[in-house]
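Structure assessment
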Amino acid sequence: MTNLLFKKLEKQIYLRYNSDGFIDMAAGGMLLGFGIFMAVGNAALLVLSWLPLLIYFPLKKAVTMPRIGYIQFHTPEKRARHLSLSLAAGLLLLALLFVLTQVVSSPGRNLRELMQANLMLFLALLFAAMMCTAAALTKNLRILAYAGLTVLITGGGSRIGLSEPASVILNGSLLFLAGLFFLIRFLRTYPIPENGEEHV
Amino acid sequence: MSDPASMYEDLNTIADLDRLVHSPARLMILAILSTIEASDFTFLLQQTGLTRGNLSTHLARLEEGGYITVKKEFVDRIPRTLIRLAPEGREAVETYRKDMKLIIDRLLT
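The structure reproduced in this document is the subject of the present report. (Residues numbered from 1 in each chain as written. Chains lettered and ligands numbered in written order. Predicted model: local features only at pLDDT ≥ 70, side-chain atom pairs only at ≥ 80, totals over all residues.)

**Concerning the overall build of chain B**
- If you tally the helices and strands in chain B, you get six helices and three strands.
- Evaluated residue by residue, chain B yields a buried proportion of 26% over its 109 residues.
- Taking the contacts inside chain B whose residues are at least 6 apart along the sequence as the reference set, 58% of them involve residues at least 24 apart. (Helix = DSSP H or I, 4+ residues; strand = E, 2+ residues; numbered from the N terminus. Buried ≥ 20, exposed ≤ 12 C-beta atoms within 10 Å, placed from the backbone. Contact = placed C-beta atoms within 7 Å.)

**Observations concerning the interface of chain A and chain B**
- Taken together, the 18 residues of chain A in the interface contact 25 residues of chain B.
- Where the side of chain A that touches chain B is concerned, the elements lending two or more residues are α1 (3-17) and β1 (71-72) of chain A.
- Of all the elements, α1 of chain A adds the most residues to the side of chain A that touches chain B, at four residues.
- When its residues are assigned to classes, the side of chain A that touches chain B shows 10 nonpolar, five polar and three charged.
- In the sheet, β1 of chain A pairs with strand β1 (residues 38-40) of chain B via two bridges, with the strands oriented antiparallel. Across the sheet, Ile-71 of chain A pairs through a bridge with Ser-39 of chain B, a residue of β1 of chain B. (Nonpolar A, V, L, I, M, F, W, Y, C, P; charged D, E, K, R; others polar. Pairing = 2+ DSSP bridges.)

**Notes on the packing of helix α2 (residues 22-40) of chain A against helix α4 (residues 51-68) of chain A**
Residues and elements named next belong to chain A.
- Relative orientation of the contacting elements α2 and α4 amounts to 160°, with a least axis distance of 9 Å. The angle between α2 and α4 falls in the class roughly antiparallel. Here the hand of the crossing between α2 and α4 comes out right-handed. From α2, Phe-22, Met-25, Ala-26, Gly-29 and Met-30 reach across to α4, where they touch Pro-52, Leu-53, Tyr-56, Leu-59 and Lys-60. (Axes fitted to C-alpha atoms, helices over the stretch in contact; angles between N-to-C directions. Parallel < 35°, antiparallel > 145°, perpendicular 65-115°, else oblique. Left-handed = near helix turned anticlockwise from the far one by under 90°.)

**Some points on the sheet that holds β1 of chain A**
- Ordered by their spatial adjacency, four strands build an open sheet running β1(A)-β1(B)-β3(B)-β2(B), and the pairing between neighbours is antiparallel. The sheet terminates laterally at β1 of chain A together with β2 (68-75) of chain B, the two strands that pair on one side only.
- Running at roughly 90° to strand β3 (residues 78-85) of chain B, helix α3 (residues 24-35) of chain B makes contact with β2 and β3 of chain B of the sheet.

**Observations regarding helix α5 (residues 52-64) of chain B**
- Helix length check: α5 of chain B (13 residues) gives 18 Å between terminal C-alpha atoms against 18 Å at 1.5 Å per residue, within 8%.
- Taken together, the buried residues of α5 of chain B touch α2 (19-22), α3, α4 (41-48), β2 and β3 of chain B. (Expected span 1.5 Å × (residues − 1).)

**Digging into helix α9 (residues 164-189) of chain A**
Residues and elements named next belong to chain A.
- Counted at 1.5 Å a residue, the expected span for α9 with its 26 residues is 38 Å, and the 38 Å between its end C-alpha atoms agrees.
- Within α9, burial applies to Ser-167, Val-168, Ile-169, Asn-171, Gly-172, Leu-175, Phe-176 and Gly-179.
- Considering only its buried residues, α9 is in contact with α2 and α8 (141-159).

**What about the environment of Val-168 of chain A?**
All names here are of chain A.
- Structurally, Val-168 can be placed in helix α9.
- Spatially, the C-alpha atom of Val-168 lies 7.5 Å from that of Phe-34, the residues being 134 residues apart in sequence.
- The residues touching Val-168, leaving out its near neighbours within four places in the chain, are Leu-31, Phe-34, Gly-35 and Met-38.

Structure representation (structure tokens):
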């Protein structure tokens, strides 16, 4: 028995805990909402695109925990540190987004033209950075693949003449469908145990 | 060939292995708990593949030995048994890991 085995076991536990597909569906839902907002132009849809993140934990509690049980991965102190880091990463992304929009809207800069021409690619890179953070937190390599897919579809979509909203919707749909597939597989693999909690 | 005194020492390491940890089922439980902070009964049941009764028995033995702590609580009026590795349990797993490594290194290589 080596520390390597413990690391492997820890990773397996993380993967099993996230095999419900909710994280895939949340990322896909956010992209779908954003893509539809781009196509329709209704600001309410932009707000709605954050809804998947809000319902992520209630869904985890209602669907995942009764099936595979409850796990506390870290001590409250370590959890607080992770949360602070995630918030800092989120704020940094928002700040980057703000700088990006400022650069694009300010006149007379070469960088402005570059960003205007590749705005969607920059947005995709920001979203991919968010997914990389999620991948690191959940130890889930699948999300890293999604980050790559997001950049690929956004970059490749414009080259094959796909409109910007269409490429975002396509990307979101793919992620959402993948999440749905994982959710169905999870529900089949882990039915709710017949007897609930057993006292030791 | 190794000298008899050294061989006797090596064999003693095997005899001194912590029996509470050495059982496969309990080792599974301790290994899982040492990678996370805490879990409930259902999670350990899913991870180990043991039966409810079997898991209950092993958990009770580990609790008696002071290797785990079992805390019963209510979350949204639903009872939950939260199981975590005690510092003594963590130390026992580490000692067991070192002993096993020693045995494998000295006797089996």
